[in-house]
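Close look at the chain arrangement
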Amino acid sequence: ANATLIIVNDKDSEITYGAHCIIEELKGDEWVRMPFNDQLSFIEMLYTQPAGETREHNISLYPEMADYKKGKYRIKKTINAGDKDFDTVAEFTVQ
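Below is a short write-up of the structure. (Residues numbered from 1 in each chain as written. Predicted model: local features only at pLDDT ≥ 70, side-chain atom pairs only at ≥ 80, totals over all residues. Heavy atoms only, no water.)

**Describing the overall build of the protein**
When helices and strands are counted, the protein shows zero helices and eight strands. Secondary structure elements of the protein occur, N-terminal to C-terminal, as β-β-β-β-β-β-β-β. For the protein, the spread of C-alpha atoms along the three principal axes comes to 40 × 30 × 20 Å. By residue count, 33% of the 95 residues in the protein fall in the buried class. Taking the intrachain contacts of the protein between residues at least 6 apart in sequence as the baseline, contacts between residues at least 24 apart amount to 68%. Carbon and sulfur atoms make up 47% of the accessible area of the protein, which amounts to about 6300 Å² in all. A distance of 5 Å separates the average location of the 11 positive side-chain charges in the protein from that of its 17 negative side-chain charges. (Helix = DSSP H or I, 4+ residues; strand = E, 2+ residues; numbered from the N terminus. Buried < 20%, exposed > 50% of the residue type's maximum accessible area, 1.4 Å probe, protein only. Contact = heavy atoms within 4.5 Å. Areas by Shrake-Rupley, 256 points an atom, 1.4 Å probe, with all protein chains shown as cover. Lys, Arg positive; Asp, Glu negative; His and termini not counted. Charge placed at Lys NZ, Arg CZ, Asp CG, Glu CD.)

In structure tokens, the structure reads:
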């Protein structure tokens, strides 16, 4: 299964980010990394995205490596904006 991750650069300058992302599961009131995250490897690419631009990325949810149960999950990605790094997330629900 895949998901489309839409990244909107609403900053006044270019942002950068890599291909890597983390999938987490909500357990109680805490987000926990899915165990398979540590087994993944990525070709580290640097994406640059100009101010005001929106891009879509196809993200694998690695169903062959994860036992998704009913619940809330999220994809977490680190974005760099100038001299600051921040995490952005997109939540999804398995029913």
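**Section: the nonpolar core**
In this structure, I7, I15, I23, I75 and F92 are the most contacted members of the largest nonpolar core, which totals 16 residues. Top element by residues in this core is strand β7 (residues 71–81). It accounts for four residues. With sequence-adjacent residues up to four places away left out, I7 is seen in contact with I15, Y17, Q49, E53, T54, R55, H57, K77 and I79. (Core = buried A, V, L, I, M, F, W, Y, C linked by side-chain atoms within 4.5 Å.)

**Points about the environment of I15**
Along the chain, the position of I15 falls in strand β2 (residues 15–18). Those residues within four positions of I15 in sequence are excluded, and the remaining contacts are I7, N9, Y47, T48, Q49, I79, N80 and A81.

**What about the packing of aromatic side chains?**
Both the distance between ring centres and the angle between the ring planes are used here to describe each pair of aromatic rings. A complete count under the given rule lists four aromatic pairs for this structure. Note on Y73 and F92: the rings are 5.6 Å apart at their centroids and 20 degrees apart in plane angle, and the pair reads as stacked. Remark: F92 occurs in strand β8 (residues 84–94) and Y73 occurs in strand β7; sequence separation between them is 19 residues. The ring of F86 has K11 lying over it, and the distance from NZ or CZ to the ring centre is 5.1 Å. (Phe/Tyr/Trp six-rings, centres within 6.5 Å; stacked < 30°, edge-to-face > 60°. Lys NZ or Arg CZ within 6 Å of the ring centre and 35° of its normal.)

**A few points about the environment of P63**
One can find P63 in the loop between β6 (54–60) and β7. Along the chain, P63 and V32 lie 31 residues apart, while their C-alpha atoms are 17 Å from each other.

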